[in-house]
Amino acid sequence: MFDIKLIRDNPDKIKESLKKKRTDLSLVDDALLLDKKRRDIIGEVEKLKAENNKVSGEIAMMKKEGKDASAVIAAMKIVSDKIKVFDGELAKTDAELNTKLLYIPNIPHESVPAGDDEKANVIVRHWGSKPSFDFKPKPHWEIAEYLDILDDKRAVKVTGARFVIYKGLGALLERALINFMLDVQTRENGYTEIMPPILINRDSMTGTGQLPKFENDAFKLVEPDYFLAPTAEVPVTNIHKDEILLDKDLPIYYTAYTPCFRKEAGSYGKDMKGIVRMHQFNKVELVKFVRPGDSYDELEKLTLNAESILQKLDLHYRVMLLSTGDMTFASAKTYDIEVWHPGADRFWETSSCSNFEDFQARRARIRFKDKENKVCFVHTLNGSGLATSRLFPAIIEANQTKDMEVIIPEVLRPYMGGIDRITKK
RNA sequence: GGAAAGGUGGCCGAGUGGCCGAUGGCAGCUGACUGCUAAUCAGUUGGUCCGGGAAACUGGGCCCGAGGGUUCGAAUCCCUCCCUUUCCGCCA
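The rules behind these values
Residues numbered from 1 in each chain as written. Chains lettered and ligands numbered in written order. Predicted model: local features only at pLDDT ≥ 70, side-chain atom pairs only at ≥ 80, totals over all residues. Heavy atoms only, no water. Pairing = 2+ DSSP bridges. Helix = DSSP H or I, 4+ residues; strand = E, 2+ residues; numbered from the N terminus. Axes fitted to C-alpha atoms, helices over the stretch in contact; angles between N-to-C directions. Contact = heavy atoms within 4.5 Å. pLDDT = per-residue confidence, 0-100. Near = heavy atom within 4 Å. Polar contact = N/O pair within 3.5 Å; in protein donor to acceptor, adjacent residues only side chain to side chain. Nonpolar A, V, L, I, M, F, W, Y, C, P; charged D, E, K, R; others polar. Buried < 20%, exposed > 50% of the residue type's maximum accessible area, 1.4 Å probe, protein only. Core = buried A, V, L, I, M, F, W, Y, C linked by side-chain atoms within 4.5 Å. Phe/Tyr/Trp six-rings, centres within 6.5 Å; stacked < 30°, edge-to-face > 60°. Lys NZ or Arg CZ within 6 Å of the ring centre and 35° of its normal.

Asker: Even after reading the chapter, I still don't get the sheet that holds strand β12 (residues 346–355), so can you show me in this structure?
Answerer: The strands making up a sheet associate through backbone hydrogen bonding, with each pair oriented either parallel or antiparallel. Strands sit in the order β1-β10-β11-β12-β15-β9-β8-β4 across an open sheet of eight strands; the sheet is mixed. Here the strands that pair on one side only, and so sit at the sheet edges, are β1 (122–127) and β4 (192–194). Here the average twist between neighbouring strands, direction ignored, is 25°. Sitting on the sheet, helix α10 (residues 295–312) touches β1, β8 (252–261), β9 (280–290), β10 (317–321), β11 (333–341), β12 and β15 (379–387), and the angle it makes with β15 is about 10°.

Spelled out as C-alpha cells, the structure:
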C-alpha cells in the first residue's frame, strides 16, 4: 500500500512511475482529494473534541463542589452531537481513501526495464545448457502416463479439471523434491522452516496484496470468510503482521512447503497438457523480512538460493528480470527463474523472486525499531524455492531415456530409498 | 457444538461512570554511589493521527481484544464479533 504522504509530496513523480505499471492515474488524484477532505474534517472535529474534554473535566469539578452543571451539560450536548456527525464523515472518508490506496500498485524500482509485457523482460543469466538427446524427447505427460506416475483423468472424477493425482514413484518423487528443497534451504541457506495454516483470513490476504483487487483469483470458502492460500507467501509473511520487531531480530528468513490453490482465471484452454497449470500445486516458498537498506542485496541472495536447487538437480535454466508491465501488483522488482522443459521444448517459470520493499509491510503493519529506536517498516521479499509443478516435468523430461525410463537425479536418491530410475512396472 | 470465566502498556497485575494513557511490581534505559560485578537511590520508558518547527522538540486527537451503542463524560454500563482458559460433547 501507498504512503499517502509520499503521494501528497510528489504526486507527479508517483504518477510517472505508475504509468509504467499501466495504472489508472485517476486513483492518485482521487486519493489526494480524499486526503485533503480527511485532514479538513480532522482539523474541525479535533477542535471540538479538545473542548469537549476540557469542559467534561470542569463538569466533574462542578459536581464535586456541589454546583449546578445542567446549563453546561446542555451546551455540551450540542457539541457532542456535532462531533458525532463529523466522526461519521471522517470514518466514511477514511474508508474511501483506504480503498483507493489499496488499489494502487507498487512503484517499480529504477533498475526495472520499462515495458508493456513479457516481451520487454531481460535475460539476466543462463545456467547449464539444453540437454541433447539422440531421440526426440517426449513431453512429461506422455512419459508419466506410460510409467503410471501421474493420473489426471481420475483426478477429474475426484475433483475436476486441472487437478492431478501423483501415484507410486510419482508421489514419492514429488515428496522427495519437497524434502530436498526444504533441507537445502534450512541447512545450507539459513532459513527457518515453517508449516503454516493454508486457510487464510481476509485481513492477511489484504496484507500481502492479493485483496481487494484480485479476489476472483483465489478460492474462497463459503463459511467462514477464509481463502485457500494461493502461495505460502501469504500465511508466512503475515506471521509478523501487526508486530514491531527489534533491529536485532532482522533479517528473518523463513521457508515453507504448502500446497497452493489458484483459480487460474483467464487461462481457460491454455496449458491444459500436463501439470504445469493446476488449480492445486506444491511449492516451497522463501520469505524474508529485512532492513530497508539491505533489501536489494537480499533479493539477489534469495534468487541465488532458489537457483541453487536447479543447479543441484543439474537442470538448465535462465533468470529473467521482469519488465514494469509484467510484474505483479505488489512487487518493486522481480526475477523469474525459468527452467527448460526439453519435451515441451520451452522454458517454464518455476520461481518468481520479488522485493516488495515496504508495500506489504505497510499493508500488514510489519515494522521494526531501528538502531536509533525509530519505528519504520521492514522490507519483505519472497520467492519460490521452487514450484514442483514446473520442476517435476523438467526432471522427467530432462532425465528420460529412449525407452521412456526416468533417471533419478543423484541428489534425490537418498530421498527415494536409493532407487536410481523410474521404470514401467 | 454446550456451559463458565477472562482479554489492560515489553511482561505481571490494579482499576466498575469524571484530572486514568491508566496505581504498583518486573524488565529496559539514564544518572549517582562502588576498585569491578552485584546491591541501593533518583529519574525515565509505547503506538498512531492532525498541526507548528530545518531539527531537537512541541500543541492537540485517538488507542485498555475488535466494532457499534448509551452518556456532557466510558478501561469501567449495553450489544455484536474475535480470541484465550477450564469443564462437557465430538474427533484425526
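On we go from here.
Asker: Honestly, the confidence of the model for chain A in this entry has me stumped. Any pointers?
Answerer: For residues with low pLDDT, the predicted coordinates do not support detailed interpretation. Residues with a pLDDT of 70 or more make up 100% of chain A, whose mean pLDDT is 94. We note a pTM of 0.94 for the whole complex and an ipTM of 0.89 for its interfaces.

Asker: I would appreciate a short explanation of the protein's contact with RNA strand B in the present structure.
Answerer: By nearness alone, 21 residues border RNA strand B, and R39, E46, I59, S80 and R367 come closest of all. Counting only atoms of RNA strand B within 4 Å of the protein, the fraction found in sugar and phosphate groups is 69%. Contact between RNA strand B and N53: a phosphate oxygen at 3.0 Å from a side-chain N or O atom of the residue. Here a phosphate oxygen of RNA strand B sits 2.9 Å away from a polar atom, N or O, in the side chain of R367. Counting only elements with at least two residues in the surface near RNA strand B, the list comes to α1 (4–9), α3 (26–64), α4 (70–102) and β13 (366–369). Looking at which element gives the most residues to the surface near RNA strand B, the answer is α3, with twelve residues. Of the residues in the surface near RNA strand B, the class split is seven nonpolar, four polar and ten charged.

Asker: Explain the pairing of β12 to me, please; I cannot follow it from the model alone.
Answerer: In summary, the side chains of a regular strand alternate between the two faces of the sheet. With respect to burial, β12 is a largely interior element, seven of its ten residues being buried. Where β11 lies against β12, nine bridges are found, and the strand directions are antiparallel. By the bridge assignment, E338 is partnered in β12 with E349. In this structure, the hairpin formed by β11 and β12 is closed by a connection of four residues, where D345 is found at a positive phi of approximately 60°. Sheet analysis places β12 next to β15, joined by three bridges and oriented antiparallel. The residue of β15 that forms the bridge with S354 is N382.

Asker: Just to check I follow, could you spell out the nonpolar core for this structure?
Answerer: Ranked by internal contacts, the top residues of the largest apolar core, which has 53 residues, are L313, L315, L391 and F392. Mapped onto this core, the elements with two or more residues apiece are α5 (140–147), α7 (169–188), β9, α10, β10, β11, β15 and α12 (388–398). Top element by residues in this core is α7. It accounts for nine residues. Setting aside anything within four residues of it in sequence, one finds F392 in contact with I149, L150, Y166, G170, L173, E174, L177 and I275.

Asker: I tried to follow the packing of aromatic side chains on my own but got confused; where do I start?
Answerer: If you walk through the whole model with that rule in mind, you get nine aromatic pairs. Between F180 and Y415, the ring centres sit 6.1 Å apart and the planes meet at 75°, which makes this aromatic pair edge-to-face. With F180 in helix α7 and Y415 in the loop between β16 (406–407) and β17 (421–422), this pair connects stretches of sequence that are 235 residues apart. Using a relative accessible area of 4% as the deciding quantity, one classes F180 as buried. An angle of 80° between the planes, with centres 5.7 Å apart, marks the rings of F329 and F359 as edge-to-face. On the criterion of sequence distance, the pair formed by F329 in the loop between β10 and β11 and F359 in helix α11 (residues 359–364) is long-range, its members being 30 residues apart. Take F359: its relative accessible area is 1%, and that puts it in the buried class. Put simply, the rings of F214, F329 and F359 touch in pairs and so form one group of aromatic residues. Positioned above the aromatic ring of W348 is the side chain of R346, whose terminal nitrogen or guanidinium carbon lies 3.6 Å from the ring centre.

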